[in-house]
Amino acid sequence: MCKANVADKKPAVIKLEAGTYYWCACGDSKGQPFCDGSHKGGSFHPTKIVLNEPTQMALCNCKQTQNPPYCDGAHGKL
Ligand code: FES
């Protein structure tokens, strides 16, 4: 499997409201860290995030995490 493109070398630390989100896995979205449909035709698919309450999180922007959609520190090795 090919590697995703690095959108940024640091995570998006954000507080999201309750709702459904789609985390960009391919790295090509112009609306990082979320999917904008740019993956279409490729081998990557977005990761669905469902939140029942407002939640602070660090979403991976380097797209190399082993624990998507969360930052696992992999960006530190780029
Ligand atoms: S931003 Fe990707 S692992 Fe931290």
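Look above for the structure.
Computed from a prediction, not measured in an experiment: that's the story for all the values here. (Residues numbered from 1 in each chain as written. Predicted model: local features only at pLDDT ≥ 70, side-chain atom pairs only at ≥ 80, totals over all residues. Heavy atoms only, no water.)

Trainee: Let's hear about the overall build of the protein chain: which residues, and what values?
Mentor: In terms of regular secondary structure, the protein chain is built from zero helices and four strands. Beginning at the N terminus, the succession of helices and strands in the protein chain can be written as β-β-β-β. Rg of the C-alpha trace for the protein chain: 12 Å, near the compact-globule value of 12 Å for 78 residues, within the 12% margin. The buried share of the protein chain, taken over its 78 residues, is 33%. Across the protein chain, the fraction of contacts at a sequence separation of at least 24, relative to all contacts at a separation of at least 6, is 59%. Looking at the protein chain as shown, the accessible area adds up to about 4800 Å², and 50% of this sits on carbon and sulfur atoms. Treating the 9 positive side-chain charges of the protein chain as one cloud and the 6 negative ones as another, the clouds have centres 5 Å apart. (Helix = DSSP H or I, 4+ residues; strand = E, 2+ residues; numbered from the N terminus. Rg over C-alpha atoms; globule rule 2.2 N^0.38 Å. Buried < 20%, exposed > 50% of the residue type's maximum accessible area, 1.4 Å probe, protein only. Contact = heavy atoms within 4.5 Å. Areas by Shrake-Rupley, 256 points an atom, 1.4 Å probe, with all protein chains shown as cover. Lys, Arg positive; Asp, Glu negative; His and termini not counted. Charge placed at Lys NZ, Arg CZ, Asp CG, Glu CD.)

Trainee: Can you explain the side chain of Asn-61? Please cite residues and give values.
Mentor: Note that Asn-61 resides in the segment after β4 (55-59). Since its relative accessible area comes to 8%, Asn-61 is described here as buried. Here Asn-61 is in contact with Val-6, Ala-7, Asp-8, Lys-10, Pro-11, Ala-12, Gln-32 and Pro-33, once residues within four sequence places are set aside.

Trainee: Please give an account of the environment of Cys-26 that cites residues and values.
Mentor: Secondary-structure assignment places Cys-26 in the loop between β2 (19-23) and β3 (47-51). Judged by its relative accessible area of 7%, Cys-26 falls in the buried class. For the pair Cys-26 and His-45, spaced 19 residues apart in the sequence, the C-alpha separation amounts to 7.2 Å. The residues touching Cys-26, leaving out its near neighbours within four places in the chain, are Ala-4, Asn-5, Ser-38, His-39 and Phe-44.

Trainee: Summarise the pattern of salt bridges; cite the residues concerned and give the values.
Mentor: Summed over all chains, the structure comprises one salt bridge. Residue Asp-8 pairs with Lys-10 through a salt bridge whose shortest N-O separation is 3.0 Å. Given a relative accessible area of 29%, Asp-8 falls into the partly exposed group. (Salt bridge = Lys/Arg side-chain N within 4 Å of Asp/Glu carboxyl O.)

Trainee: So what's going on with the nonpolar core? Which residues, and what values?
Mentor: One recurring pattern in soluble globular proteins is that nonpolar side chains are buried together. Judged by nonpolar contacts, the single largest core of 15 residues is most densely connected at Leu-16, Trp-23, Ile-49, Leu-51 and Leu-59. Listing elements by their share of this core, those giving two or more residues are β1 (12-16), β2, β3 and β4. Non-local contacts of Leu-59, meaning those with residues more than four positions away in its chain, are made with Pro-11, Ala-12, Ile-14, Leu-16, Trp-23, Pro-33, Phe-34, Ile-49, Pro-69, Tyr-70 and Cys-71. (Core = buried A, V, L, I, M, F, W, Y, C linked by side-chain atoms within 4.5 Å.)

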